[in-house]
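As a plain string of letters, each chain reads:
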Amino acid sequence: MYLAGQTGGVFGALGAGGLALCAAVFLVLGVKGKGKVRLKENPAMICSFLAATAFQAAGAIWTNPDRITKQGLTGLGVGGGGHSAFGDVGIGAVALLLLILMLTLELTPFRGAILGLVAGSVWPAAGADSIWRLPCELASAVLMMIGGG
């Protein structure tokens with residue numbers, strides 16, 4: 001059972017773009033914390049990871065955070081075969097580094113949201129056979145329940 005599908009459901013037809021829009025608005029307002037919903041560090045990180053997953057599914061303008069993240073990684077030489085200031089740093093190392101930062105940094109809701117958005121781009125790029133695919137599949141499943149196709 002889907003909570004929302006293409007033709008209706010509990011939420012009506014959301015669509016991938018509509019789900020991305022709703023996730024972005026909820027994230028921004030929840031991190032800002034001036035209203036009734038105030039996201040703490042970890043919930044902000046989880047919401048932003050779900051939002052990043054929704055952005056990738058929606059395509060169009062929603063892929064800009066993913067594009068910016070990948071440009072930044074390329075600029076740092078990630079995956080460049082040892083031609084960077086850090087030597088040979090693969091995407092798996094960046095994925096692990098994000099997890100380390102999530103577990104060890106003193107986070108604010110904003111920092112948590114940024115880490116979640118970056119992880120939403122980096123973890124899927126680590127490959128379909130990597131451990132990093134698991135949270136991506138879980139996020140996709142949650143979004144499929146909420147937004148249908």
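Just so you know, these numbers come straight off a predicted model, no measurement behind them.

## Overview of the nonpolar core
Core analysis: the biggest nonpolar cluster contains 16 residues, and F49, L98, M102, L115, A119, V122 and W123 have the highest contact counts within it. Of all hydrophobic cores here, the second largest spans 15 residues; its members include A54, F55, A113 and L117.

## Comments concerning the pattern of salt bridges
Going through the model one piece at a time under the given rule, you end up with 2 salt bridges. Here D66 makes a salt bridge to K70, at a shortest N to O gap of 3.2 Å. Taken together, the residues span about one helical turn, with D66 and K70 both in helix α3 (residues 64-75) at a distance of 4 residues. Among the residues examined, K70 registers a relative accessible area of 39% and is labelled partly exposed. Where R133 meets E137, a salt bridge forms, and the shortest distance between an N and an O atom there is 3.1 Å. Here E137 and R133 lie together in helix α6 (residues 133-147), a separation of 4 residues that amounts to about one turn. Taking the relative accessible area as the measure of exposure, R133 reaches 27% and is therefore partly exposed. With a relative accessible area of 42%, E137 lands in the partly exposed category.

## What to know about the packing of aromatic side chains
Where two aromatic rings form a pair, the distance of their centres and the angle of their planes describe that pair. On inspection of all chains with the given rule, the structure shows 3 aromatic pairs. Ring centres 5.2 Å apart and planes at 25 degrees place the aromatic pair F55 and W62 in the stacked group. On the basis of relative accessible area, F55 is assigned to the buried category, the value being 8%. A network of ring pairs unites the aromatic residues F49, W123 and W132 as a single cluster.

## Focus: the packing of α3 against helix α5 (residues 109-125)
The interhelical angle for the contact between α3 and α5, taken along N-to-C directions, is 65 degrees, at an axis separation of 9 Å. The angle between α3 and α5 places the two elements in the roughly perpendicular class. α5 is crossed by α3, and the crossing has right-handed handedness. Contact residues: α3 offers P65, D66, T69, K70 and L73, while α5 offers V118, S121, V122 and A125. When the residues that make up the contact of α3 with α5 are grouped by side-chain class, the tally is 5 nonpolar, 2 polar and 2 charged.

Rules of the game
- Residues numbered from 1 in each chain as written.
- Predicted model: local features only at pLDDT ≥ 70, side-chain atom pairs only at ≥ 80, totals over all residues.
- Heavy atoms only, no water.
- Core = buried A, V, L, I, M, F, W, Y, C linked by side-chain atoms within 4.5 Å.
- Buried < 20%, exposed > 50% of the residue type's maximum accessible area, 1.4 Å probe, protein only.
- Salt bridge = Lys/Arg side-chain N within 4 Å of Asp/Glu carboxyl O.
- Helix = DSSP H or I, 4+ residues; strand = E, 2+ residues; numbered from the N terminus.
- Phe/Tyr/Trp six-rings, centres within 6.5 Å; stacked < 30°, edge-to-face > 60°.
- Axes fitted to C-alpha atoms, helices over the stretch in contact; angles between N-to-C directions.
- Parallel < 35°, antiparallel > 145°, perpendicular 65-115°, else oblique.
- Left-handed = near helix turned anticlockwise from the far one by under 90°.
- Contact = heavy atoms within 4.5 Å.
- Nonpolar A, V, L, I, M, F, W, Y, C, P; charged D, E, K, R; others polar.

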